[in-house]
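Spelled out from the first residue to the last, the chains are:
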Amino acid sequence: MAAVAVVQGASRGLGLAFCRHILLHRPSAALVATCRRPSGAATWRAVGAGNPGRVTVPAAGRGPAGGRQGGGGPRSGKRSGRADLVVNCSATLHPSGKGETSLRDVSAEDVMATLTTNSVGPLLMAKYFCPLLQRGGGKFGQQHPEKAKQHSGILINMTARVGSIGDNVLGGWYSYRMSKAALNMATKNLSIELGRNRQKVVCVSLHPGTVDTDLSRPYHKNVPKNKLFSADYSVQCLMSIIDRLNIDKTGKAYAWDGSEIPW
Ligand SMILES: NC(=O)c1ccc[n+]([C@@H]2O[C@H](COP(=O)([O-])OP(=O)(O)OC[C@H]3O[C@@H](n4cnc5c(N)ncnc54)[C@H](OP(=O)(O)O)[C@@H]3O)[C@@H](O)[C@H]2O)c1
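The sections below set out a description of the structure shown in this document. Per chain, the residues get numbers from 1 upward, laid out in the order the sequence is written. Given that the model is predicted, a residue must reach a pLDDT of at least 70 before its local features are reported, and side-chain atom pairs must reach 80 or more before they are shown or counted; all residues, however, enter totals for whole chains, interfaces and linings. As a rule here, side-chain values come from all non-hydrogen atoms in the structure, and water together with hydrogens is ignored.

Our focus in this paragraph is helix α1 (residues 13-25). Segments assigned H or I by DSSP are reported as helices when at least four residues long, segments assigned E as strands when at least two residues long, and all are numbered from the N terminus. For a helix, the expected span equals 1.5 Å multiplied by the number of residues minus one. Helix length check: α1 (13 residues) gives 18 Å between terminal C-alpha atoms against 18 Å at 1.5 Å per residue, within 8%. The rule is simple: take the accessible area with a 1.4 Å probe, protein chains only, and divide by the maximum for that residue type; under 20% is buried, over 50% is exposed, in between is partly exposed. All buried positions along α1 are accounted for by Leu14, Gly15, Leu16, Ala17, Phe18, Cys19, His21, Ile22 and Leu23.

Turning our eyes to something else, we now look at the packing of aromatic side chains. When the centres of two rings from Phe, Tyr and Trp lie within 6.5 Å, Trp using its six-membered ring, the rings pair. Their planes under 30 degrees apart give stacked, over 60 give edge-to-face, and anything left gives tilted. What the rule picks out here adds up to four aromatic pairs. Note on phenylalanine 229 and tryptophan 256: the rings are 4.6 Å apart at their centroids and 75° apart in plane angle, and the pair reads as edge-to-face. Within this pair, whereas phenylalanine 229 is found in strand β8 (residues 228-229), its partner tryptophan 256 is found in the loop between β9 (252-255) and β10 (260-261), the two being separated by 27 residues in sequence. An aromatic cluster of three or more residues is present, and its members are Trp173, Tyr176 and Tyr219.

Okay, the packing of α1 against helix α2 (residues 42-49) next. Axis definition: a line fit to C-alpha positions, over the contact stretch in the case of helices; interaxial angles, taken between N-to-C directions, run 0 to 180 degrees. One can describe the packing of α1 onto α2 by two numbers: an axis separation of 11 Å at closest approach and a directional angle of 15°. With respect to their mutual orientation, α1 and α2 come out roughly parallel. In this structure, α1 meets α2 at a crossing whose hand is left-handed. Counting all contacts with α1, which are made through Leu16, Cys19, Arg20 and Leu23, the residues of α2 involved are Thr43, Trp44 and Val47. Geometric relationships in this document are graded by angle, where less than 35 degrees denotes roughly parallel, more than 145 denotes roughly antiparallel, 65 to 115 denotes roughly perpendicular, and other angles denote oblique. We call a crossing left-handed when the near helix sits turned anticlockwise from the far one by less than a right angle, and right-handed when that turn is clockwise. Contact definition: two residues touch when any of their heavy atoms are within 4.5 Å.

So, about the site of the ligand. Near, as used in this document, describes a residue that has one of its heavy atoms within 4 Å of the molecule or strand being considered. Around the ligand, the surrounding shell holds 27 residues, and the nearest of these are Ser11, Arg12, Leu14, Tyr176 and Thr213. Nitrogen and oxygen atoms within 3.5 Å of one another constitute a polar contact, given that in protein one can donate a hydrogen and the other can accept it, and given that sequence-neighbouring residues count only through two side-chain atoms. In this structure, a nitrogen atom belonging to the ligand sits 3.3 Å away from a side-chain N or O atom of serine 90. Methionine 158 places a polar main-chain atom, nitrogen or oxygen, 3.4 Å from an oxygen atom of the ligand. For every accessible area listed, the method is Shrake-Rupley and the probe measures 1.4 Å; residues are considered covered only by the protein chains on display. Contact with the protein chains covers 92% of the free accessible surface of the ligand, which is 900 Å². Here the term charged refers only to Asp, Glu, Lys and Arg, the term nonpolar to Ala, Val, Leu, Ile, Met, Phe, Trp, Tyr, Cys and Pro, and the term polar to all other amino acids, Gly among them. Here the residues of the shell around the ligand sort into ten nonpolar, twelve polar and five charged.

Before going further, it helps to spend a moment on the nonpolar core. What we call a nonpolar core is a set of buried Ala, Val, Leu, Ile, Met, Phe, Trp, Tyr and Cys residues that are connected through their side-chain atoms within 4.5 Å. If you look at the biggest cluster of nonpolar residues, it comprises 39 residues, and the most contacted ones within it are Phe18, Ile156 and Ile242. Breaking this core down by element, the ones donating at least two residues are β1 (4-8), α1, β2 (30-34), α2, β4 (85-88), β5 (153-158), β6 (201-207) and α5 (231-243). In contact with isoleucine 242, other than residues within four places in its own chain, are Phe18, Leu85, Phe140, Gly141, Ile154, Ile156 and Leu206.

Considering the arrangement of structural elements, one finds serine 175 in helix α4 (residues 174-193). On the basis of relative accessible area, serine 175 is assigned to the buried category, the value being 0%. Serine 175 has contacts with His94, Glu100, Asp110, Val111 and Thr114, leaving out every residue within four places of it along the chain.

In this section: α5. Across its 13 residues, α5 extends 18 Å between first and last C-alpha, which sits within 8% of the 18 Å expected from 1.5 Å per residue. Within α5 the residues assigned to the buried category are Ala231, Ser234, Val235, Cys237, Leu238, Met239, Ile241 and Ile242.

The subject of this paragraph is the pattern of salt bridges. Where charged atoms from two side chains of opposite charge come close, those side chains can pair. By definition here, a salt bridge exists when the distance from a side-chain nitrogen of Lys or Arg to a carboxyl oxygen of Asp or Glu is within 4 Å. A complete count under the given rule lists six salt bridges for this structure. Residues aspartate 243 and arginine 26 are paired through a salt bridge, measuring 2.5 Å at the closest nitrogen-oxygen approach. In this pair, aspartate 243 is assigned in helix α5 and arginine 26 in the loop between α1 and β2, connecting sequence segments 217 residues apart. The shortest N-O distance in the salt bridge between aspartate 212 and arginine 217 comes to 3.5 Å.

Following this line, the structure appears as structure tokens:
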């Protein structure tokens with residue numbers, strides 16, 4: 001039984017790097033890659049075209065307001081009827097491209113848009129894909145060698161350190177921070193609900209570091225060169241965390257270096 005990985009938000013940035021990594025380093029894994037405009041994502045098209053037969057790109061679904069962000073829904077994994085790994089990557093920093101620096105910049109519309117994409121979208125992905133993860137074969141992560149299989153699937157929500165309430169000393173970025181704090185609560189809730197059944201799903205939030213992608217571009221000049229990771233390097237670090245996940249590590253947030261981030 002081949003492993004099945006689902007990457008949501010595969011068009012660019014970290015989502016695209018997850019796709020590249022899985023195709024390169026998991027030669028037997030099938031990949032389901034979702035993004036809202038599959039035909040518009042040139043780099044993504046090139047990756048998919050180079051791997052015929054291994055990649056499924058589901059038809060784009062409705063937008064966030066319609067409930068299925070970035071395409072997908074349960075049909076996405078139907079090819080095999082199960083999934084071993086789902087990575088929710090899609091997010092926006094803010095509709096303007098820059099986070100709010102103070103209350104002056106806050107608007108209800110922008111807060112709602114950011115929450116819809118960053119918090120509601122991944123939660124609905126979990127809703128639609130958890131049945132597939134519960135039917136997974138536990139092909140990602142680490143099972144306890146001395147025990148029966150402990151998890152059937154892994155759900156990753158890409159968070160950000162700035163979503164940590166305990167770690168917040170600078171303030172600002174109301175919409176983005178709130179959206180990631182809400183996402184972290186969803187991760188915790190999901191870990192409890194999906195950890196109850198016999199077929200357990202490991203649910204964690206992962207922070208990728210500061211990564212050279214479009215999302216963080218307005219801030220790159222303030223980041224020391226050795227602290228600005230390439231998407232491929234960040235995903236390599238994140239995949240090595242995923243490889244070591246088991247049910248004991250569910251319901252937590254981890255940074256790219258494996259350290260735990262307080263909620
Ligand atoms: N880059 C960093 O430094 C950094 C740091 C901490 C956390 N993160 C987190 O890492 C994850 C990946 O970020 P990234 O840096 O790869 O960002 P990115 O390069 O800007 O890519 C963003 C992705 O989200 C999708 N997206 C944005 N708005 C959407 C919407 N309304 N509906 C559906 N899809 C939408 C984009 O799709 P389109 O191509 O269709 O627009 C794209 O696939 C995010 O969760 C982000 O919060 C990133």
